[in-house]
Amino acid sequence: MQRRNENTDAESVKKSITDHLTYTVGKDDFTATTRDWFYSTAHMTRDRLTRRWMETMRSYYAEDVKRVYYLSMEFLMGRMLMNSVLNLGLDESCREVFEKLGIDFGDVREMEHDAALGNGGLGRLAACFLDSMATLDIPGTGYGIRYEYGMFSQKIEKGQQVERPDNWLRYGNPWEFPRPEVLYPVRFHGRVVHYEDETGRHHHWVDTDNVMAMAYDMPVPGYDTNTANNLRLWSAKATREFELEYFNEGNYIKAVEDKNESENLSKVLYPNDSTEMGRELRLKQQYFFVCASLNDILHRFEKSHESLDLLPEKVAIQLNDTHPSIAVAELMRILLDEKKLDWERAWKITRGTFSYTNHTLMPEAMEVWPIPLFDNVLPRHLQIIYEINQRFLDEVMHTHPGDIEKLQRMSLIDERGEKSVRMAHLAIVGSHKVNGVSALHTELLKNRIFPDFEEFCPGKFVNVTNGITPRRWLNQTNPALSGLITSRIGKDWVKNLSILEKLIPLAEDASFREEFFRIRQENKHHLVSLMKLRLGLEVNADAIFDVQVKRIHEYKRQLLNLLHVITLYNRIRSGLDVHPRVVIFSGKAAPGYAKAKLIIKLINDVADIVNRDPHVGDRLKVVFIPNYDVTTAQDIIPASDLSEQISTAGTEASGTGNMKLALNGALTIGTLDGANIEILQAVGEKNIFIFGNTAESVQRLKQQGYNPYEIYQSNPELKAVLDMISSGFFSADDRGRYAGLVNSLLHEGDPFMLLADYASYLACQKQVEEAYRDREGWVRKSILNVANMGRFSSDRTIEEYATRIWNVSPLSPITRTDGAG
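Small disclaimer: the values here were computed from a predicted structure and weren't measured.

All right, on to the overall build of the chain then. Of the regular secondary structure elements, the chain holds 33 helices and 22 strands. The C-alpha radius of gyration of the chain comes to 27 Å, within 12% of the 28 Å expected for a compact globule of 821 residues. Taking the principal axes of its C-alpha atoms as reference, the chain extends roughly 90 × 75 × 60 Å. Out of the 821 residues belonging to the chain, those deemed buried represent 62%. Within the chain, counting contacts between residues at least 6 apart in sequence, those at least 24 apart form 77% of the total. Entry remark: accessible area of the chain is about 31400 Å², with carbon and sulfur atoms responsible for 49%. Side-chain charges of the chain comprise 98 positive and 114 negative groups, with the mean position of each set lying 2 Å from the other.

As structure tokens, then:
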């Protein structure tokens, strides 16, 4: 349904902003700070958004639609102001208003803090999906946790990552609506008692420690539609503010102890789980938001429906990775213990309601919980999981009698070593569909990770390749390029990304290429100025901007990139002709991930030597941009020439950074991993740089007895690079700092095959350099990358979920004729 004009003219917008400045912020235009103007503008935007939001919710009830509930531990929404302003069609009016006020609208936008509700791609994907559901008029709600501090703020001190609390709520959040009346109890610990009556055996979970989950709502606007969906986040509140008895005795610390402990549940995203306390807190976080969300979903469902058997027809719950998979046991607990359903009926409802997205191929990310911990925190759920497992294994045994090894592989309980609950297995068994997030990832799930389940439940595993929202990642992130595209092919591409194919013939249009190149250079100059301002580093905007921006992890192989950097450094020092290059890294390492943090330190140590070497000059610069978040990504991505997607083949589920960079005109250098394969198919082999082993050849190499030390001995350039690192060339203050890192490559198996791909990577980088020297040819390739990215819109992804997994249809809310004030 087309968006109506609801007080979007400049005069109405100005009146709303100035009214909010007076009555919401309590300032006038003489005393207002830039932050005050931001809050006034945010509230003006929220007013218009709220009306649509309420209309949308009313229409969902009126039409009794099937709803999608997206459960995710992360939602990296980024800054909300410009996204909402663009989606609501308010951008031109806002610019006009602030121009007349003599205020830089860009400065106003910079006052907004990124909501620190996620870590990386998982959270950014969830945010894209909410945007697409609203844009496509899909009745959807996101559920997560309102982390008070969220992901840490990363500082680099003496080259090392230092974590600081990210107090994103310091100045409040103008987009949220607290819902103190939406409050659900969440229970932990305790014990289970049993009793029997004429209806059978029943269970009571008693003597529990309780905490309350309170809702905060954030409306999510669709683009060019009346639809605005909801993101509901839970905050932990104590069941009682404090113990008055302790307070009256003067022991204030003891009085508030329980309150503080309860509210820790929503303090920080992903507590360090290297300790027993950290693991327990993480498990509690997962159950906390799942329990509150399921209670909320059922409360809403039961307002309009008497029979719980209708739940799968009216509710689709998507588990975003394994973190919310405890939801399977929780829904069973509610149906069995509270609603008094029999097992078969409850299980049919549960399996019909849930579907599960697996986002990883890394074994350590397939969450498992030790039985003693699980039993202590969620004793009733462990009983239910045991029962699910027994019934499931009975089915397996019926079709595969005597195959004990298969039973062990498929069991929800891992009996090897310390007994533990396999949460991915629980999600698979408890869902009607399981999807991977790229074609390769799904095939590996079916054939390598979960082949027994694929054989037992043929058709349960399906592929839905990830996507990104073009509203955030092109229209907002790269306004100059968006404007050029719109001037040539119209604006419809923002809602139908496949229309970008109309740009293909324009790759041969010299005037379009020139304008395209000019915009890319402007974006690079903007990033150059930011690096000078924030890092004190001057770089050459005519160099190749070679970018790797993502979470720091061994399998993502930032270290392989760095081996190439040092090789280039050695070549320059030996007098070889190397095209100028700025190698840009950005990303956070998990606080407890020592090796990833050591790689960050090495990047900065290499940068310190390379950037100061007078023989190198501006031919090579190495940059680590701290505190990678959505806003930082929006600065870096439009300026990128080369997109590093170099994970070991068979380790990256999909990736979405690869899509964002290509959509903005960066050319990809990558392995045949994740969605890189589908990007290759989309853009063509002449417009991408592919290197390295495939997933199959990686597997084969390992089976044959991969020997990285032989590669080291036989490749003089590689040997020189590794010897420089291990001998302390880049760490004069501690020459042994990186000996262990090099040793893991040479003598501990090089698990992510850096040395196996080194020569191929270098040869591919040489092709990149030669291609970049041909400016017109490079710009053609860049345009063709943009033009062929239509299939990677999250709109296409959500349409596939809606038809293949959720069985939901779009519904446009009822149009109202009155405007929002």
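The subject of this paragraph is the packing of aromatic side chains. Going through the model one piece at a time under the given rule, you end up with 22 aromatic pairs. Between Tyr-184 and Trp-234 the ring centres are 5.7 Å apart and the planes differ by 75°, which places this aromatic pair in the edge-to-face class. With Tyr-184 in strand E5 (residues 177-188) and Trp-234 in strand E9 (residues 228-238), this pair connects stretches of sequence that are 50 residues apart. There is no split in this pair, since Tyr-184 and Trp-234 are both buried. Relative to Phe-453, the ring of Phe-392 lies with its centre 5.9 Å away and its plane at 5°, an arrangement referred to as stacked. Of this pair, Phe-392 sits in helix H14 (residues 379-399) while Phe-453 sits in helix H18 (residues 451-456), and the two are 61 residues apart along the sequence. In terms of burial, Phe-392 and Phe-453 fall into one category: buried. Put simply, the rings of Phe-392, Phe-450, Phe-453, Phe-456 and Phe-461 pair up and form one aromatic cluster. Lying across the ring of Tyr-171, Arg-35 places its NZ or CZ 3.8 Å from the centre. Here Lys-284 stacks its cationic end above the ring of Phe-188, 5.3 Å away from the centre of that ring.

On to the nonpolar core, then. Of all hydrophobic cores here, the largest spans 147 residues; its most connected members are Trp-234, Phe-288, Phe-374 and Trp-806. Looking at which element gives the most residues to this core, the answer is helix H9 (residues 276-304), with 11 residues. Grouped together as the second largest cluster of nonpolar side chains are 64 residues, Ile-552, Val-578, Ile-725 and Tyr-761 included.

A few words now on the sheet that holds strand E21 (residues 667-670). Overall, parallel pairing links the six strands, which are arranged E19-E18-E17-E20-E21-E22 in an open sheet. Where the open sheet ends on each side, the last strands, each with one partner, are strand E19 (620-624) and strand E22 (689-690). Two elements, strand E17 (residues 544-549) and strand E18 (residues 581-586), share six bridges in a ladder whose sense is parallel. Among the inter-strand pairings, Gln-548 is bridged to a residue of E18, identified as Phe-585. Packed onto the sheet, helix H21 (residues 510-535) meets E17, E18 and E19 and runs at close to 65° relative to E17. Strands E18 and E19 of the sheet are contacted by helix H23 (residues 594-612), whose axis makes an angle of about 145° with E19.

Right, let's get into empty space enclosed by the protein. In total, this model carries six cavities of 30 Å³ or more according to the counting rule given. Looking at the largest cavity, its volume works out to about 160 Å³. Taken together, 18 residues make up the lining of the largest cavity; nearest its centre are Glu-112, His-113, Gly-172, Asn-173 and Pro-174. Broken down by element, the residue count for the lining of the largest cavity peaks at three residues, all from helix H2 (residues 34-63).

The next thing to look at is the confidence of the model for the chain. Close inspection of predicted coordinates is inappropriate for parts of the model with low pLDDT. For the chain, mean pLDDT is 94; residues scoring 70 or higher make up 95% of the total. Confidence drops under a pLDDT of 50 for residues 1-5, and excluding neighbours within four residues, the segment shows 23 contacts in the predicted structure. Under a pLDDT of 50 for its full length, residues 815-821 has, in the predicted model, 21 contacts with residues more than four places off or in other chains.

Direction vectors running N to C along helix H22 (residues 558-573) and helix H31 (residues 754-773) enclose 55°, while the axes themselves pass 10 Å from each other. Overall, the two elements H22 and H31 adopt an arrangement that is oblique. Viewed along their axes, H22 and H31 form a crossing whose handedness is right-handed. Seen from H22, the contacting residues are Leu-559, Leu-560, Asn-561, Leu-563, His-564, Thr-567 and Arg-571; seen from H31, they are Leu-754, Leu-755, Tyr-758, Tyr-761, Leu-762 and Gln-765. Split into classes, the residues belonging to the contact of H22 with H31 amount to eight nonpolar, four polar and one charged.

All right, on to H31 then. Under the 1.5 Å per step criterion, the end-to-end length of H31 is 27 Å for 20 residues, consistent within 8% with the ideal 28 Å. Looking at H31, one finds that the buried residues are Leu-754, Leu-755, Asp-757, Tyr-758, Tyr-761, Leu-762, Cys-764, Gln-765, Val-768, Glu-769, Ala-771 and Tyr-772.

A sheet is described by the order of its strands in space; here three strands give the open sequence E12-E14-E13, paired in antiparallel fashion. Either end of the sheet is taken by a strand with one partner, and the two such strands are strand E12 (368-370) and strand E13 (413-414). Where E13 and strand E14 (residues 420-422) come together, two bridges link them in antiparallel fashion. Within E14, the residue paired with Ile-413 across the bridge is Val-421.

Before going further, it helps to spend a moment on the pattern of salt bridges. Taken as a whole, this structure holds 61 salt bridges when the rule is applied. With a closest N to O distance of 3.6 Å, Arg-79 and Asp-114 form a salt bridge. Residue Arg-79 is found in the loop between strand E1 (67-71) and helix H3 (81-87), and its partner Asp-114 is found in the loop between helix H5 (105-109) and helix H6 (121-135); the two are separated by 35 residues along the sequence. Judged by relative accessible area, which is 8%, Asp-114 ranks as buried. Between Arg-513 and Glu-776 there is a salt bridge whose closest N-O contact spans 2.7 Å.

This brings us to the pairing of E9. In terms of burial, E9 is largely enclosed, as 10 of its 11 residues are buried. Across five bridges, strand E2 (residues 140-145) lies against E9 in parallel orientation. Opposite Gly-144, over in E9, you have Leu-233 as the bridge partner. Relative to E9, strand E8 (residues 209-221) is paired through 11 bridges, and the arrangement is antiparallel. Within the sheet, the bridge partner assigned to Ala-213 lies in E9 and is Ala-236. Linkage of E8 to E9, two consecutive antiparallel strands, is achieved through a turn of six residues, within which Asp-224 is found at a positive phi near 55°.

Glancing now at helix H26 (residues 676-683). All of the buried residues along H26 are Asn-676, Glu-678, Ile-679, Ala-682 and Val-683. Relative to the axis of H26, the buried residues are bounded by an arc of 160° and lie together on one face. The secondary structure elements touched by the buried residues of H26 are helix H17 (439-449), strand E20 (642-645), helix H25 (657-663), E21 and helix H32 (775-787). Once H26 ends, the next one or two residues include Gly-684, with phi positive near 90°.

Relative to the assigned elements, Asn-523 resides in helix H21. Apart from residues no more than four positions distant in its own chain, Asn-523 is found in contact with Asn-478, Pro-638 and Ala-639.

Turning to its location among the elements, Gln-765 is positioned in helix H31. Exposure remark for Gln-765: the relative accessible area of 1% places this residue in the buried category. Polar side-chain contacts of Gln-765 include one of 3.0 Å to the side chain of Glu-644. When near neighbours in sequence (up to four residues on either side) are disregarded, Gln-765 contacts Asp-546, His-564, Arg-581, Leu-642, Glu-644 and Ile-669.

Moving on, we come to unusual backbone geometry. For Asp-64, which is not glycine, the phi torsion reads 50° and is therefore positive. Its location among the elements puts Asp-64 in the loop between H2 and E1. Phi is positive for Asp-224, close to 55°, though the residue is something other than glycine.

Procedures and definitions
Residues numbered from 1 in each chain as written. Predicted model: local features only at pLDDT ≥ 70, side-chain atom pairs only at ≥ 80, totals over all residues. Heavy atoms only, no water. Helix = DSSP H or I, 4+ residues; strand = E, 2+ residues; numbered from the N terminus. Rg over C-alpha atoms; globule rule 2.2 N^0.38 Å. Buried < 20%, exposed > 50% of the residue type's maximum accessible area, 1.4 Å probe, protein only. Contact = heavy atoms within 4.5 Å. Areas by Shrake-Rupley, 256 points an atom, 1.4 Å probe, with all protein chains shown as cover. Lys, Arg positive; Asp, Glu negative; His and termini not counted. Charge placed at Lys NZ, Arg CZ, Asp CG, Glu CD. Phe/Tyr/Trp six-rings, centres within 6.5 Å; stacked < 30°, edge-to-face > 60°. Lys NZ or Arg CZ within 6 Å of the ring centre and 35° of its normal. Core = buried A, V, L, I, M, F, W, Y, C linked by side-chain atoms within 4.5 Å. Pairing = 2+ DSSP bridges. Axes fitted to C-alpha atoms, helices over the stretch in contact; angles between N-to-C directions. 1 Å grid on protein atoms, 1.4 Å probe; cavity = no way out; pocket = protein on both sides within 12 Å on 5 of 7 lines; lining within 4 Å. Points joined across faces, edges and corners; volume = space filled by probe spheres on them. pLDDT = per-residue confidence, 0-100. Parallel < 35°, antiparallel > 145°, perpendicular 65-115°, else oblique. Left-handed = near helix turned anticlockwise from the far one by under 90°. Nonpolar A, V, L, I, M, F, W, Y, C, P; charged D, E, K, R; others polar. Expected span 1.5 Å × (residues − 1). Salt bridge = Lys/Arg side-chain N within 4 Å of Asp/Glu carboxyl O. Arc of directions from axis to C-beta. Polar contact = N/O pair within 3.5 Å; in protein donor to acceptor, adjacent residues only side chain to side chain.

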